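Reading the structure
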2 protein chains.
Amino acid sequence: MAQSVTPRSEDYSRWYTDVVQMAELADYAPVKGCMVIRPYGYALWEAIKEGLDRRFKATGHQNAYFPLFIPESFIKKEAEHVEGFSPELAVVTHGGGKELAEPLIVRPTSETIINAMFAKWIQSWRDLPMLINQWCNVVRWEMRTRLFLRTTEFLWQEGHTCHATAEEAQEETLRMLDIYADFAENDAAIPVIKGRKSETEKFAGAVRSYAIEAMMGDRRALQAGTSHFLGQNFARAFGTQFLDKDNELKYVWQTSWGVSTRMVGAVVMVHGDDQGLILPPRLAPIQAVIVPIWKSDEDKSAVLPVARQVLAQLEGAGIRARLDDREEVSPGFKFNDWEMRGVPVRVEIGPRDVEKGQAVLARRDMLGREGKSFVPQEGLESRVAKLLATIQTDLFARALRFREENTYQPRNYAELLEVVERGFARAYWCGSPECEARVKEEGKATTRCIPFDQPDEPGACAVCGKRAEEVAIFARAY
Amino acid sequence: MAQSVTPRSEDYSRWYTDVVQMAELADYAPVKGCMVIRPYGYALWEAIKEGLDRRFKATGHQNAYFPLFIPESFIKKEAEHVEGFSPELAVVTHGGGKELAEPLIVRPTSETIINAMFAKWIQSWRDLPMLINQWCNVVRWEMRTRLFLRTTEFLWQEGHTCHATAEEAQEETLRMLDIYADFAENDAAIPVIKGRKSETEKFAGAVRSYAIEAMMGDRRALQAGTSHFLGQNFARAFGTQFLDKDNELKYVWQTSWGVSTRMVGAVVMVHGDDQGLILPPRLAPIQAVIVPIWKSDEDKSAVLPVARQVLAQLEGAGIRARLDDREEVSPGFKFNDWEMRGVPVRVEIGPRDVEKGQAVLARRDMLGREGKSFVPQEGLESRVAKLLATIQTDLFARALRFREENTYQPRNYAELLEVVERGFARAYWCGSPECEARVKEEGKATTRCIPFDQPDEPGACAVCGKRAEEVAIFARAY
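Residues numbered from 1 in each chain as written. Chains lettered and ligands numbered in written order. Predicted model: local features only at pLDDT ≥ 70, side-chain atom pairs only at ≥ 80, totals over all residues. Heavy atoms only, no water.

Some words on the sheet that holds strand E7 (residues 130-139) of chain B
Residues and elements named next belong to chain B. Ordered by their spatial adjacency, eleven strands build an open sheet running E3-E7-E8-E14-E11-E10-E9-E22-E25-E21-E20, and the pairing between neighbours is mixed. Looking at the sheet topology across the chains shown, the edges are occupied by strand E3 (62-63) and strand E20 (407-408). The pairing of strand E9 (residues 193-196) with strand E10 (residues 208-215) spans four bridges and is classified as antiparallel. Note that in E10 the partner of Arg196 across the bridge is Tyr210. Relative to the sheet, helix H8 (residues 262-271) contacts E10, strand E11 (221-231) and strand E14 (253-260), its axis offset from that of E11 by approximately 145°. (Pairing = 2+ DSSP bridges. Helix = DSSP H or I, 4+ residues; strand = E, 2+ residues; numbered from the N terminus. Contact = heavy atoms within 4.5 Å. Axes fitted to C-alpha atoms, helices over the stretch in contact; angles between N-to-C directions.)

Next comes the structure, spelled out in structure tokens:
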């Protein structure tokens with residue numbers, strides 16, 4: 001903990017890994033491609049889960065649990081789906097000491113196994129809409145892994161819904177995208193661009209995919225959540241039908257949508273600095289840490305009771321607070337330690353503060369004098385609460401400003417190739433996979449999404465110069 | 001939903017499966033040995049998780065997440081452990097389209113993989129105790145499966161802790177057993193017997209295992225939670241050492257403990273009756289359901305607003321309430337439906353009740369006139385809250401009485417064989433595995449535990465007649 005992280009300017013990728021490990025969010029597992037989520041990282045994931053789960057339930061979704069194992073034949077039922085996922089599958093061939101008659105796939109996503117159940121449960125229009133969500137682990141074999149961002153096993157939620165009409169399913173697809181954006185912006189303080197995925201980038205088996213895309217601290221893009229309109233693709237493959245009001249048997253219209261532990265990586269990369277993590281107050285496992293300062297035993301006996309009193313004040317006001325009364329390390333060490341862990345507010349209390357009935361509040365997102373204020377101990381809890389709200393807003397504003405400063409509108413191919421090296425390119429695109437492939441090949445950038453927010457006029461494709469109806473976001477991505 | 005369940009007296013096993021499926025707790029999956037936990041069953045599991053998780057956190061435990069896959073070589077490091085688990089393992093042999101150099105085991109439990117991390121994280125006595133819990137899925141290959149009770153994949157929590165001394169680890173083992181008993185008795189209203197497992201019945205790799213044992217409605221036993229003192233077995237296998245205060249390198253002392261989705265099965269079997277589920281109010285996803293009663297449109301327009309008002313009253317008081325305003329089914333159908341789902345309190349409101357400013361409260365655990373009361377709409381929420389508390393207490397008392405009425409103290413082998421056919425046998429046992437094996441062979445009953453609550457005097461083993469220091473609970477078990 002005495003170490004410091006590699007500066008972002010020196011090596012962003014090492015900075016990220018350093019922060020994740022030194023803040024004890026996660027660690028490499030002794031299993032290829034897998035990670036261990038440590039308690040502090042898991043507490044952050046629990047806060048993310050809670051923020052999402054609350055929103056899912058408020059919109060009528062129910063949690064359920066489906067098997068980890070999927071018969072190989074199920075995965076093969078939807079043609080695009082199996083093509084997209086087969087290189088990534090982990091396969092169980094032996095169970096209970098015997099070779100299995102049919103290999104089992106460890107779920108990479110659950111459309112197929114869930115449709116097998118939907119087909120059984122859904123009979124009539126009265127059973128619709130069916131709005132299911134599952135919190136679980138999934139496995140996609142990965143060669144090059146990165147903690148939280150790309151691991152063979154990861155945790156996520158996957159929503160799966162069935163509707164009587166295409167319109168309702170489309171509405172649901174966009175409702176969930178909005179919920180993701182609302183969570184990202186309000187809870188995680190991460191500004192996102194909502195948009196449609198290109199044909200090349202869409203989910204294997206979907207008719208249309210949508211995503212929220214965020215800019216990380218190195219100006220690369222990260223897809224922070226996806227929502228898919230599946231049409232009737234899986235319903236047809238699995239025979240998921242219902243008897244409609246008009247007495248006709250019809251296939252249901254479906255959606256699926258997911259957010260994963262990648263979101264933890266996004267929080268690290270959007271807000272963190274060279275001192276470590278900076279956590280948005282709404283998600284921070286510890287929102288305020290109290291560091292008492294003493295040199296002599298006499299000081300200690302004056303300071304500690306006050307620090308405990310302040311802890312009680314904060315906890316009483318519903319603030320997630322912690323008192324760091326460790327004996328074996330210095331206040332300076334504690335400052336660094338909690339800065340590394342991104343605790344939004346530090347409350348310092350020394351002998352002089354006790355005399356004056358005050359405390360020092362220090363903001364994690366504004367280090368040094370500028371972020372410090374002296375406040376009376378009386379009513380300190382409401383000042384901290386107010387400060388947490390300010391930090392939440394400021395973090396979002398800072399991230400938004402950063403994204404705007406690093407988003408460009410290239411008008412030709414040379415400009416496009418140039419700007420994707422240092423940010424997002426918001427460029428007209430004719431929609432052809434060839435132009436998309438060329439940018440990927442020559443600029444290492446992909447279309448992140450075709451944003452909902454579009455210019456009024458058509459323009460010329462930044463790649464081929466042909467007429468383009470829409471702009472797309474091109475960027476290098478995680 | 002118009003069907004009814006097989007009566008318990010006719011076929012208890014079919015009764016159980018009927019209730020689980022008709023109350024929509026779970027369903028069979030199209031994957032051998034696996035189940036699907038449906039939304040209502042999952043909501044019950046969420047309530048169980050919450051009750052346990054709160055207790056774990058209050059005693060200083062932190063959640064974390066470890067990989068699903070365990071290298072085969074890890075499982076083999078602890079001799080008893082591999083012997084106990086190898087017949088039940090599911091094995092991944094292929095990943096990403098290639099055969100793996102070393103097969104991966106889908107975790108049956110995580111002592112081994114977690115110790116690999118503990119060995120890395122723990123250096124000094126300052127790192128102890130380390131108190132970790134994990135909520136996850138595990139896989140143990142099963143031939144004969146039963147929803148919630150025995151499935152190839154199940155959900156659980158597994159606690160894993162490290163301590164500096166054997167005493168502290170032993171204390172932790174019993175602390176967690178107490179927490180399980182507290183949860184079972186106070187939240188699930190299930191009386192449990194706390195005790196030590198015999199050598200034969202202990203966890204593969206533990207020094208000593210403890211369990212809470214409960215009596216189901218058919219008088220068979222179900223182990224509802226286990227807590228293990230692991231000694232230094234896994235620490236030695238994985239080199240989990242720390243530098244103690246005396247500057248000596250020592251192996252840590254460990255515990256592990258778990259409760260699974262079996263607990264859902266226990267709730268069904270302890271409280272349910274021939275009308276279906278009876279849920280203890282503290283765990284019930286819906287604590288009170290309001291059924292408005294009308295025949296004419298005029299009645300409906302008088303009744304529905306009042307029903308909505310009552311819903312608001314209940315929700316305002318923090319009661320998990322639901323208004324069943326379905327048009328297409330009759331009140332009688334709704335009564336049966338919610339009885340099947342075990343909702344503790346039904347609130348009926350008809351036109352006459354509206355006139356009189358009253359409502360009818362009906363207890364799920366006391367069907368018919370006896371369980372009904374007429375109460376004024378004003379202050380109804382506090383009456384319902386009180387009634388829920390009463391039901392919670394009454395369910396526990398009823399289950400305890402049932403267990404006591406069906407627990408016997410056989411003094412010889414003939415009596416022992418006779419009483420295990422109809423309940424628990426609390427019998428002196430010399431402790432020899434031979435006597436235990438004989439009862440298993442001839443009476444189909446196993447030692448469930450050696451209860452903490454022991455008689456003052458030694459006695460004669462109910463099997464062999466030799467001197468016995470302790471009594472054990474013998475029973476047929478799930």
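Thoughts on the relation of the copies chain B and chain A
When chain B is fitted onto chain A, the two copies agree to an RMSD of 0.0 Å after a turn of 180° and an axial shift of 0.0 Å. One copy is carried onto the other by what is essentially a two-fold rotation axis. In terms of C-alpha distance to the rotation axis, chain B has Val92(B) as its closest residue, with the C-alpha 2.1 Å off the axis. Residue by residue, 100% of the interface of chain B is reproduced at the interface of chain A, so both copies engage with the same surface. (Least-squares fit on C-alpha atoms with pLDDT ≥ 70 in both.)

Some thoughts on the sheet that holds strand E19 (residues 372-376) of chain A
Residue and element names in this part refer to chain A. Spatially, E16-E15-E17-E18-E19 is the arrangement adopted by the five strands of the open sheet, whose pairing is mixed. The sheet is open, and its two edges are formed by strand E16 (321-323) and E19, each paired on a single side. The mean angle between the axes of side-by-side strands here comes to 25°, regardless of whether they run parallel or antiparallel. For strand E15 (residues 288-292) and E16, the ladder comprises three bridges, and the chain directions are parallel. Within the sheet, the bridge partner assigned to Ala288 lies in E16 and is Ala321. With respect to the sheet, helix H10 (residues 331-340) is in contact with E15, E16 and strand E17 (345-349), its orientation differing from that of E15 by roughly 170°.

A few points about the interface of chain B and chain A
The interface of chain B with chain A comprises 52 residues on the first partner and 52 residues on the second. Summing both sides of the interface, chain B and chain A together bury roughly 4,300 Å²; the carbon and sulfur share of this comes to 65%. At the boundary of chain B with chain A, the tally comes to four salt bridges. A salt bridge links Lys120(A) to Asp27(B); its shortest N-O distance comes to 2.8 Å. Seen at the junction of chain B and chain A, the total is 24 residue pairs in polar contact (both at pLDDT 80 or more). Looking at the side of chain B that touches chain A residue by residue, the class counts come to 34 nonpolar, eight polar and ten charged. Here strand E5 (residues 90-95) of chain A runs beside strand E5 (residues 90-95) of chain B; their pairing, made up of five bridges, is antiparallel. When the sheet's bridge partners are listed, Ala90(A) is paired in E5(B) with Gly95(B). (Buried area = accessible area lost by both parts, 1.4 Å probe. Salt bridge = Lys/Arg side-chain N within 4 Å of Asp/Glu carboxyl O. Polar contact = N/O pair within 3.5 Å; in protein donor to acceptor, adjacent residues only side chain to side chain. Nonpolar A, V, L, I, M, F, W, Y, C, P; charged D, E, K, R; others polar.)

Some points on the nonpolar core
One finds Phe69(A), Val106(A), Phe69(B) and Val106(B) to be the most contacted residues of the largest nonpolar core, which totals 87 residues. Ignoring sequence-local partners within four residues, the contact set of Phe69(A) consists of Val92(A), Leu104(A), Ile105(A), Val106(A), Ile113(A), Val31(B), Ala90(B), Val106(B), Val139(B) and Trp141(B). (Core = buried A, V, L, I, M, F, W, Y, C linked by side-chain atoms within 4.5 Å. Buried < 20%, exposed > 50% of the residue type's maximum accessible area, 1.4 Å probe, protein only.)

Let's talk about the side chain of Asn63(A)
On the secondary structure map, Asn63(A) appears in strand E3 (residues 62-63). Exposure remark for Asn63(A): the relative accessible area of 5% places this residue in the buried category. Within the structure, the side chain of Asn63(A) is placed 2.9 Å from the side chain of Asp53(A), a separation counted as a polar contact. When neighbours within four sequence positions are excluded, Asn63(A) is seen to be in contact with Asp53(A), Lys57(A), Asn133(A), Trp135(A), Pro39(B), Tyr42(B) and Glu46(B).

Topic: the domain arrangement of chain A
As assigned here, chain A comprises domain 1 (12-271), domain 2 (288-387) and domain 3 (409-475). A separation of 49 Å is found between the C-alpha centroids of domain 2 of chain A and domain 3 of chain A. (Domains from an automatic or database assignment.)

Digging into the packing of helix H1 (residues 12-22) of chain A against helix H8 (residues 262-271) of chain A
Residues and elements named next belong to chain A. Look at H1 against H8: their axes get within 11 Å of each other, and the N-to-C directions meet at 115°. Crossing angle aside, the handedness with which H1 passes H8 is right-handed. From H1, Tyr12, Trp15, Tyr16, Val19 and Val20 reach across to H8, where they touch Gly265, Val268 and Met269. (Left-handed = near helix turned anticlockwise from the far one by under 90°.)

With respect to helix H2 (residues 39-58) of chain A
Over its 20 residues, H2(A) runs 28 Å from end to end, which matches the ideal 28 Å to within 8%, given 1.5 Å per residue. Within two residues after H2(A), Gly60(A) carries a phi angle of roughly 85°, on the positive side. (Expected span 1.5 Å × (residues − 1).)

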